[in-house]
Amino acid sequence: PHCSTIFVPSDSSGHFLVSVHYPKAGAVFPCCFLGVCTSGCGVNGAICSEPCARLFHGERLFMCQDGKWQKTTDSLLSTNMASMLSTSSSKLLPGPGIKLQSVTTHGNRNCLADLSCIVPDILSSPAIPGNIVNIVMLLKNISLKLSEDVNRAKMQSYSKIANHVLNASVISNWAFIRDKAASSILLDSVNLFARKLLIKSGSESILEDFMSTKGSSINKKTPGKRFDFSMRFNNSNSTIAGSVLIPQEELLKISTPSDAVSVAFPTLGAIMEASQLDDVFVNGMILSVALPEELRQISLTFEKFNKSNNVMARCVGWHSAEKRWDEAACKLKTDDANSSVCICKHHHHTFKSFSILMSPNTIRNTVLDYITFVGLGISIFSLLLCLTIEAVVWHHVTNTNIAQMRHICLVNIAASLLIANVLFILAAVAYEKVKDYAICVAVTFFVHLSYLSLFFWMLALGLLILHGLLLIFRKMKKSASMATAFFIGYGCPLIISVLTVAITEPRKGYVRDGACWLNWRDTKALLAFVIPALMIIAVNLVVVVVVVVKTGRLSVREGSRSQDLSSVTRTGKNVALLTPVLGLTWGFGLATIVRYDSLGFHVTFALLNALQGFFILLFGTLLDRKVWSPFDVHLLSHELALMA
């Protein structure tokens, strides 16, 4: 009833050419013929189901995007895997719903002891999406129901099965699994099973290519315990390293001899990315630990996949209940281009697995830090001096309406930038020292409000300049111009800031992980700053162009070649004066968005904007001759634009 289908025999093999017509996007069409979802499509959003490939059960779903079918989910289960899951012969098998069946009645008690009877069938099945899901559920149920007396043989069999779906060659298949939590279920299942490993002879080591388990007996006299791992992470011979260190001061807390177990996963981070479980880049192996209740703090070292010197690391723990990476579990101790050392809190119910995330939007560089904080210090001092000078000469420089409006805009620009700079420093301190979510939200709100106020006051000044240039003979009413300027400068930013926090905070998507600033990854809250800022920069750029054109026309009317040099000088002076006051230096931020990994762009942006307060003092106050000639009342409206 949803589509018309034309079947045309193509050859003796029995295959058909199929033409399917789609009336609307979003409908699901049964296309039970091999290859029908590989040809072109017509309606974006249409979904095609392709379930009838030989030797498989289940279906593949494709969505029409830009004229091509793009696979979205794949639940195909190979017939040998389906047969294995439904058979109740002398093996340990899950039936419908992945329920474990007792095998003792079939005369194969050894299978319960080491799980070896199911390993060959599992390893012989292809790790396609449907098979992966069923293997994960099998491992989950084994962990829940057969995790007593986990000896070396049983752990080896379990590791071989898990290794089959952790193989680097099948990472891409995880992207098409319908249940996006499957990778988290796998991690929790392995952790649950491994913590029951019986340690004999003081230590155990069970190594597979993509999963490695190490255990050791520990007591309060143990001089610190370290588990070192070096494993493959792709189909080549490339290796990645990691280690878990239990400090001796932690071991002193143990009341009785106990066991510690650690499991390393070099590919699970990439699998979680493919599953889109958390939209981050895991930049090292995942290390899981099972420790006695008394032990709460461990040190972990991660070698990085991406060894770019400009990329920061974030130490995180996997929150089992909420299925997300959480920075509250760890703090970064040391970080360089090759590796990171994290200090993490171990908790049996929440944090058992740890890793490092790459922050591609954050450049790590000592020069940048130095420029930012030294520049902010100079900027804050310059703004305080600017406001002091304005207060001293206020009555002398505001003797006309247009002059008063200009200085009102300048003072509010300086005040907004001063508050924003101070709050920026407080935000960094709040994140590094306090780590309180509510405080971080509050600081982020006021930083956002302050920077928006800065931009909207720069917009008000730009509009005032345009008025002075284009409407030179139209007088402004003082009350109307004041009301308009203050609504633009503070009303608009307040509305945007309140709406942003009201919309995103209920979903805990207001602030980002790693800093007290607007979230980008989850809710795109950062757009509430970026879009207004870029629009204002564009408007003020037009203002500067108008000033340059007006200056050029003035020199043309003068008609003397001897004025060419002075015209160029005047134009350059106008651009230099207006650029920092109207915020055009923030335009370099576009370069850092497009090329976030370019250190040169970041240094230029940090240098210009950290020193914006100094430029406002220099060009907005110190080079204004009216500040130093308070009794000069000869003021033309276009002088506002020239800032002479």
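Cut-offs applied
- Residues numbered from 1 in each chain as written.
- Predicted model: local features only at pLDDT ≥ 70, side-chain atom pairs only at ≥ 80, totals over all residues.
- Heavy atoms only, no water.
- UniProt positions renumbered as here; feature names shortened; annotations may be inferred.
- Helix = DSSP H or I, 4+ residues; strand = E, 2+ residues; numbered from the N terminus.
- Buried < 20%, exposed > 50% of the residue type's maximum accessible area, 1.4 Å probe, protein only.
- Contact = heavy atoms within 4.5 Å.
- Areas by Shrake-Rupley, 256 points an atom, 1.4 Å probe, with all protein chains shown as cover.
- Pairing = 2+ DSSP bridges.
- Axes fitted to C-alpha atoms, helices over the stretch in contact; angles between N-to-C directions.
- Salt bridge = Lys/Arg side-chain N within 4 Å of Asp/Glu carboxyl O.
- Core = buried A, V, L, I, M, F, W, Y, C linked by side-chain atoms within 4.5 Å.
- Parallel < 35°, antiparallel > 145°, perpendicular 65-115°, else oblique.
- Left-handed = near helix turned anticlockwise from the far one by under 90°.
- Nonpolar A, V, L, I, M, F, W, Y, C, P; charged D, E, K, R; others polar.
- Expected span 1.5 Å × (residues − 1).
- Patch = residues over 30% accessible without salt bridge, like charges linked within 9 Å, V, L, I, M, F, W, Y side chains within 5 Å.
- pLDDT = per-residue confidence, 0-100.

Looking at an unreviewed UniProt entry, one finds the chain named Adhesion G protein-coupled receptor F2, with Crocodylus porosus as its source organism. UniProt, in its Subcellular location (unreviewed entry) section for the chain, records the words "Membrane".

Student: Residue-level account of the overall build of the chain, with values.
Tutor: Helix and strand counts for the chain come out as 19 helices and 21 strands. Within the chain, the proportion of its 644 residues that are buried is 49%. The contacts in the chain between residues at least 6 apart in sequence include a share of 65% that link residues at least 24 apart. Of the roughly 29900 Å² of accessible surface on the chain, 62% is carried by carbon and sulfur atoms.

Student: Describe the sheet that holds strand β19 (residues 330-335), naming the residues involved and giving the relevant values.
Tutor: The 5 strands lie next to each other as β11-β12-β16-β20-β19, forming an open sheet whose pairing is antiparallel. Strand pairing shows two members of the sheet lacking a second neighbour, β11 (225-232) and β19, which therefore form its edges. This sheet shows a mean twist of 20° between the axes of neighbouring strands, independent of strand direction. Across 8 bridges, the pairing between β11 and strand β12 (residues 239-246) is antiparallel. Across the sheet, the residue bridging to F227 is V244, located in β12.

Student: If you had to explain the side chain of S212 to someone new, which residues and values would you point to?
Tutor: Take S212: it is sitting in strand β10 (residues 212-218). Judged by relative accessible area, which is 3%, S212 ranks as buried. Every residue in contact with S212, bar those within four places of it in the chain, is listed here: I206, L207, F229, M231, S262, V263 and A264.

Student: Explain the pattern of salt bridges to me, using residue names and the numbers behind them.
Tutor: Taken as a whole and assessed by the stated rule, the structure comprises 10 salt bridges. Across the pair D228 and R226 runs a salt bridge, and its minimum N-O distance is 2.9 Å. Across the pair E505 and K508 runs a salt bridge, and its minimum N-O distance is 3.6 Å. In this structure E505 comes out as buried when scored by relative accessible area, which is 16%.

Student: Now, about the environment of V190: what can you tell me, with residues and values included?
Tutor: Mapped onto the secondary structure, V190 falls in helix α6 (residues 182-194). Taking the relative accessible area as the measure of exposure, V190 reaches 0% and is therefore buried. In this structure, V190 is in contact with Y158, M211, V263 and F265, ignoring residues within four places of it in sequence.

Student: Requested: an account of the nonpolar core, with residues and values cited.
Tutor: Membership of the largest hydrophobic core comes to 64 residues, with the highest contact counts inside it found for F455, L461, I465 and F529. Mapped onto this core, the elements with two or more residues apiece are α9 (366-397), α10 (401-434), α11 (437-470), α12 (478-504), α13 (527-558), α14 (564-581) and α17 (612-622). Ranked by size, the runner-up nonpolar core spans 54 residues in total, among them I135, M155, I199 and V263.

Student: Provide a residue-level description of the packing of helix α4 (residues 129-145) against helix α5 (residues 152-166), including the pertinent values.
Tutor: How two helices sit against one another is set out by the angle between their axes and by the gap between those axes. As a packed pair, α4 and α5 sit with axes 10 Å apart at the nearest point and diverge in direction by 150°. When the axis of α4 is compared with that of α5, the two are roughly antiparallel. Viewed along their axes, α4 and α5 form a crossing whose handedness is left-handed. Contacts between α4 and α5 pair I132, I135, L139, I142 and S143 from the former with Y158, I161, A162, H164 and V165 from the latter. Residues of the contact of α4 with α5, tallied by class, amount to 8 nonpolar, 2 polar and no charged.

Student: So what's going on with α11? Which residues, and what values?
Tutor: Here α11 is 34 residues long and its end C-alpha atoms lie 49 Å apart, about the 50 Å a rise of 1.5 Å per residue gives. The buried count for α11 comes to 27 of 34 residues, which makes it a mostly enclosed element.

Student: Explain the pairing of β12 to me, and be specific about the residues and the numbers.
Tutor: Across 4 bridges, β12 lies against strand β16 (residues 297-303) in antiparallel orientation. Counterpart to S243 in the pairing with β16 is T301.

Student: Just give me the short version of the side chain of S143, but keep the residues and values in it.
Tutor: Turning to its location among the elements, S143 is positioned in helix α4. Judged by relative accessible area, which is 1%, S143 ranks as buried. In contact with S143, other than residues within four places in its own chain, are Y158, S189, L192 and F193.

Student: Account for unusual backbone geometry, with residues named and values stated.
Tutor: Of note in this structure, S201 is not a glycine but carries a positive phi near 60°. Owing to a relative accessible area of 80%, S201 belongs among the exposed residues under this scheme. The backbone of K524 sits at a positive phi, close to 60°, despite the residue not being glycine. Here K524 is to be found in the loop between α12 and α13.

Student: Before we move on, could you go through the UniProt feature "transmembrane region" (unreviewed entry) in the chain and cite the residues and values that matter?
Tutor: Here the UniProt-annotated "transmembrane region" (unreviewed entry) positions come out as residues 370-397, 409-431, 451-473, 485-505, 525-549, 575-594 and 600-623. In residues 485-505, the share of helix is 95% and the share of strand is 0%. The end C-alpha atoms are 30 Å apart.

Student: Can you lay out a nonpolar patch on the surface for me, pointing to particular residues and giving the numbers?
Tutor: On the surface, Y370, V374, I378 and F614 cluster together into a nonpolar patch covering about 370 Å² of accessible area. A total of 3 residues in the nonpolar patch trace back to one element, the largest contributor, which is α9. Here F614 lies in helix α17. Using a relative accessible area of 33% as the deciding quantity, one classes F614 as partly exposed.

Student: Just give me the short version of the confidence of the model for the chain, but keep the residues and values in it.
Tutor: Predicted coordinates in areas of low pLDDT are best not read in detail. Here the chain averages 78 in pLDDT, while 75% of its residues score no lower than 70. Low confidence marks residues 1-34, where pLDDT is under 50. Its contacts with residues over four positions away, or in another chain, come to 67 contacts.

Student: Outline the packing of α11 against α12, supporting the account with residue identities and numerical values.
Tutor: Between α11 and α12, whose axes approach to 8 Å, the crossing angle comes to 150°. Crossing geometry of α11 relative to α12 is assigned as right-handed. Its residues placed into classes, the contact of α11 with α12 shows 19 nonpolar, 5 polar and no charged.

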